[in-house]
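Letter by letter, the chains look like this.
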Amino acid sequence: MIKPAGDIRKLNDRFFDETERDAVEIPLEEFMEEYESAEEYESAGYREVGEITDIPDIVTPVRDFFAEDGPLAKSALDGGRPYEHRPQQTDMAINTAMALQGRYNLCVEAPTGVGKSFAYLLPAIHYAKTQICPVVISTETINLQEQLIEKDIPFLREVTGIDFKAALAKGRSNYLCQRRLHMASAEHQDQLLPMASLALDLERLGNWLEKGGSGDRDDVNFRFDPVAWGYCCCEAGNCQGNKCPYFRSCFYWKARLSWEKADIIVTNHAMFFTDLKMKQDVNLEMTLLPKWSAIIIDEAHTLEDSAASHLGLRVSGLGLMSFLNRLFNPDNGRGLLLRKGEEAMNLRRIIAELKPQVGAFFALFENMLAQKNDTVYRLHTPKMVPNLLAAGLGRLRNALASYAELQEDDKNFKTELEAQVGRIDAFIDGIDAFIDMSLPEHVYWIEEEKGSVTLQGAPLNIPEILEKILFHKRYPVILTSATLTVRKSFDYFRSRTGFVNGTELRLDSPFSPDQVRLYIPRGMPEPNDEEYKNALVQQIPRFLDVTHGKAFVLFTSYQLLRHCTEKLRDYFDERNITLFSQGDMNRSLMLREFKNDIDSVIFGTDSFWTGVDVPGEALSNVIMTKFPFAVPSHPLIAARCERIEKSGKSAFMEYSLPEAVLKFRQGIGRLIRSKDDTGIIVILDRRVISKRYGQMFIESLPPYPVEYVN
Ligand code: SF4
């Protein structure tokens, strides 16, 4: 095994051409001496799955670290912190180390409290130190990324004493582009910006930079219009790279360099899947993330949906209209193309003609939705509507590309124009693929979002895709989440994600089942019964009284939520308990208030079933009104079900039911977040006892004591 030279990583030399390498603060020559050829680099980081590898033993130090008298226990003791040895955590860490060392895939269900982030981080750190390429850790939520970067990684660095580098990889648009900021603030500003008020925001962003601002959008500590950010952030295809005068101080490229040099990269599923998709395209010169030596996907219960969303197709009417406005808005006479000359005037004419066509094209879809009286509609047949935009967008694209070629004297303007050509290409390709339904094994639908229609397509064969592009690679893939199994089996998860070439590990909860009591009222009507709504209004207060509020009441529809909110207002007033009903205020504010007001209650729908963390007494009671079956009429769900039925299986048993069980487990998982938490769970869906499959929900939970009540 060739040992990497310290922290030197290979930069993507396709971007940094041979003569300009000294523009980069990385001793690339030193690197190249060590790795004489690109081929050697290619093979140094990877081995065949199952092949015995010659990387140093990483299992022993990982096992030692989590031992009852190991460094983790000792550090807690020295720091006066309580420490409890968790065999599940050790188990996960050792299995992760073995999978990384043996380069095979691993899937771990690790319930809340196992301490899964340490259990994959430590093996990842040891493994990364033996590799040229970093280990990438992808998560669904920003909360988890922050926890890893701000808490867990610094802690492990301190306790282990291992010298390793970690970086948070964010999408390009999170970084300020100094070249674009200067361009947007310069002479053409009053013509370029759609609103004069944006100039003030750009000026403030400029001042922020001058005072040492980091260039990272998340660090800006004043309010600004997101539209202003769009005029000064980094954009794909709108970067001059090492030809840019700001390259040496560029925030984005500095961040990229830190990713190249890192041992551990933390990112989100959106960026990970976008990058994974780009890595399949051999013609693409650049990808977002560096090559990796292993992937760890946390919050992997969203894997199928994340992949479908990020590997799919999406064209928004609003997005296309604001793109055109950015080029030229005839209504206020502003835009990038407000320049002198015949060519610019011709382009403005093309846009002025194109905009009504865009309106007419998307109106066809709006009418479809209006006829169906729905916000979502599936398209079954190609060319159901004519592609009214093909000619206009093509004309604009060609004229813009020719105009860009003329701008040799103004490189900034030329780059900006070329980037817009790339974006038109993406609109043209997306609309073509949607109208022709040309992407294989995709479902297509239109959906109303924020008053505008989006054209969407999603692949249905995610298992086949992921098996090919993710699980059959030469790097190990570790998947983990608190909820991956149904009835303690990974069969369903495997069938939906294509997970292969590895092993599975299901860990028990480290908490006692006696921390929870599960109530099932016998007298509830079936959810489709007329009386069901009234019964809910009777039963919810009954169980809220057990804990004097302190509850999440989880609904599957807004309608039902609103009904119960209206009917139970007096109940809450009488008991002086605050009710937060979803829709009344911003979700994160609602959660903050809920945590502060100990007796308060949340009535919530979809977003409260998952990813909400309220440790302690404030959440002592989770009431489930109905099992969370997905809406079968949504095109993506319907198409997935059809695909299963076509293969001769039952869509209900193979998809709808296990999917609902997993979501149910997510909802239940909100209750117990530490060994000191206690509480009750109430199931108000009669199907738990009236249907045979009801038992599957119960059997997928830890062995909580169950009380059937009248
Ligand atoms: S290098 Fe690219 S992203 Fe950085 S300032 Fe220049 S143009 Fe903007």
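All of these numbers come straight from a predicted model, not from anything done at the bench.

Peer 1: Explain the nonpolar core here, please?
Peer 2: A124, V135, I264 and A294 are the most contacted members of the largest nonpolar core, which has 129 residues in total. A total of nine residues in this core trace back to one element, the largest contributor, which is helix 6 (residues 116-128). Those residues within four positions of I264 in sequence are excluded, and the remaining contacts are A124, I125, A128, P134, V135, I137, I153, F164 and A166. F543, F552, L568 and F608 belong to the second-largest nonpolar core, a separate cluster that totals 44 residues.

Peer 1: Would you mind showing me how to read the pairing of strand 10 (residues 477-481) here?
Peer 2: For a regular strand, the rule is simple: side chains alternate between the two faces of the sheet. Burial runs high along strand 10: five of the five residues are buried. Neither face of strand 10 is open: one carries V477, L479 and S481, the other I478 and T480, and all of them are buried. Pairing of strand 1 (residues 105-109) with strand 10, which is carried by four bridges, proceeds in the parallel orientation. Bridge assignment links C107 to a residue of strand 10, and that residue is L479. Note that strand 5 (residues 294-297) and strand 10 share three bridges and pair parallel. From the neighbouring strand, I296 faces strand 10, where its bridge partner is I478.

Peer 1: Please explain the packing of helix 26 (residues 635-646) against helix 27 (residues 651-668) as it appears in this structure.
Peer 2: Helix-helix packing is described using two parameters, namely the angle between the two axes and the distance between the axes. Packing of helix 26 against helix 27 brings their axes to within 9 Å, and their N-to-C directions diverge by 150°. Relative to helix 27, the element helix 26 lies roughly antiparallel. In this structure, helix 26 uses R640, C641, I644 and E645 to contact helix 27, whose residues at the interface are A651, E654, Y655 and S656. Its residues placed into classes, the contact of helix 26 with helix 27 shows four nonpolar, one polar and three charged.

Peer 1: So what exactly am I meant to see when it comes to the sheet that holds strand 8 (residues 442-449) here?
Peer 2: Two orientations exist for strands paired in a sheet by backbone hydrogen bonds: parallel and antiparallel. Reading across from one edge, 6-9-8-7 is the order of the four strands in this open sheet, with antiparallel pairing throughout. Looking along the sheet, the strands with just one partner apiece sit at the ends: strand 6 (313-316) and strand 7 (376-379). Sheet twist, expressed as the average angle between the axes of neighbouring strands with direction ignored, equals 20°. Sitting on the sheet, helix 15 (residues 317-327) is in contact with strand 6 and strand 9 (452-459), with an inclination near 55° to strand 6.

Peer 1: How should I be thinking about the sheet that holds strand 13 (residues 551-554) in this particular structure?
Peer 2: Strands sit in the order 14-15-13-16-17-12-18 across an open sheet of seven strands; the sheet is parallel. The outermost strands of the open sheet, each flanked by one partner alone, are strand 14 (579-581) and strand 18 (706-709). Averaged over neighbouring strand pairs, the angle between their axes works out to 15° when direction is ignored. The sheet contact formed by strand 13 and strand 15 (residues 601-604) spans four bridges and is parallel. If you follow V553 over to strand 15, its bridge partner there is F603.

Peer 1: Mind showing me how you'd approach the site of the ligand here?
Peer 2: The environment of the ligand is formed by 14 residues, the closest being C177, C239, C244, Y246 and C250. At the level of elements, helix 8 (178-185) and helix 12 (251-261) are the ones that each hand at least two residues to the shell around the ligand. Element by element, the count of residues in the shell around the ligand is highest for helix 8, at three residues. Split by residue class, the shell around the ligand holds nine nonpolar, three polar and two charged.

Peer 1: Help me out: how do you make sense of helix 8 in this one?
Peer 2: Owing to its 3.6 residues per turn, the α-helix aligns residues three or four sequence positions apart on the same side. Among the eight residues of helix 8, six are classified as buried, and the element is accordingly described as predominantly covered. Regarding helix 8, the residues found buried are Q178, R179, R180, L181, M183 and A184.

Peer 1: Where do I start with unusual backbone geometry in this structure?
Peer 2: Most of the time, phi is negative for any residue but glycine, and the peptide bond is trans. Notably, R103 is not glycine yet its phi reads approximately 50°, a positive angle. By the element assignment, R103 lies in the loop between helix 5 (87-102) and strand 1. R103 sits in the buried class, given 24 other C-beta atoms within 10 Å. Of note, N501 is a non-glycine position whose phi angle comes to about 60°, a positive value. Counting through the fold element by element, N501 comes out in the loop between helix 20 (491-497) and strand 11 (502-506).

Calculation notes
- Residues numbered from 1 in each chain as written.
- Predicted model: local features only at pLDDT ≥ 70, side-chain atom pairs only at ≥ 80, totals over all residues.
- Core = buried A, V, L, I, M, F, W, Y, C linked by C-beta atoms within 7 Å.
- Buried ≥ 20, exposed ≤ 12 C-beta atoms within 10 Å, placed from the backbone.
- Helix = DSSP H or I, 4+ residues; strand = E, 2+ residues; numbered from the N terminus.
- Contact = placed C-beta atoms within 7 Å.
- Pairing = 2+ DSSP bridges.
- Axes fitted to C-alpha atoms, helices over the stretch in contact; angles between N-to-C directions.
- Parallel < 35°, antiparallel > 145°, perpendicular 65-115°, else oblique.
- Nonpolar A, V, L, I, M, F, W, Y, C, P; charged D, E, K, R; others polar.
- Near = placed C-beta within 6 Å.

Remember, this is a structural readout, not a statement about activity or role.
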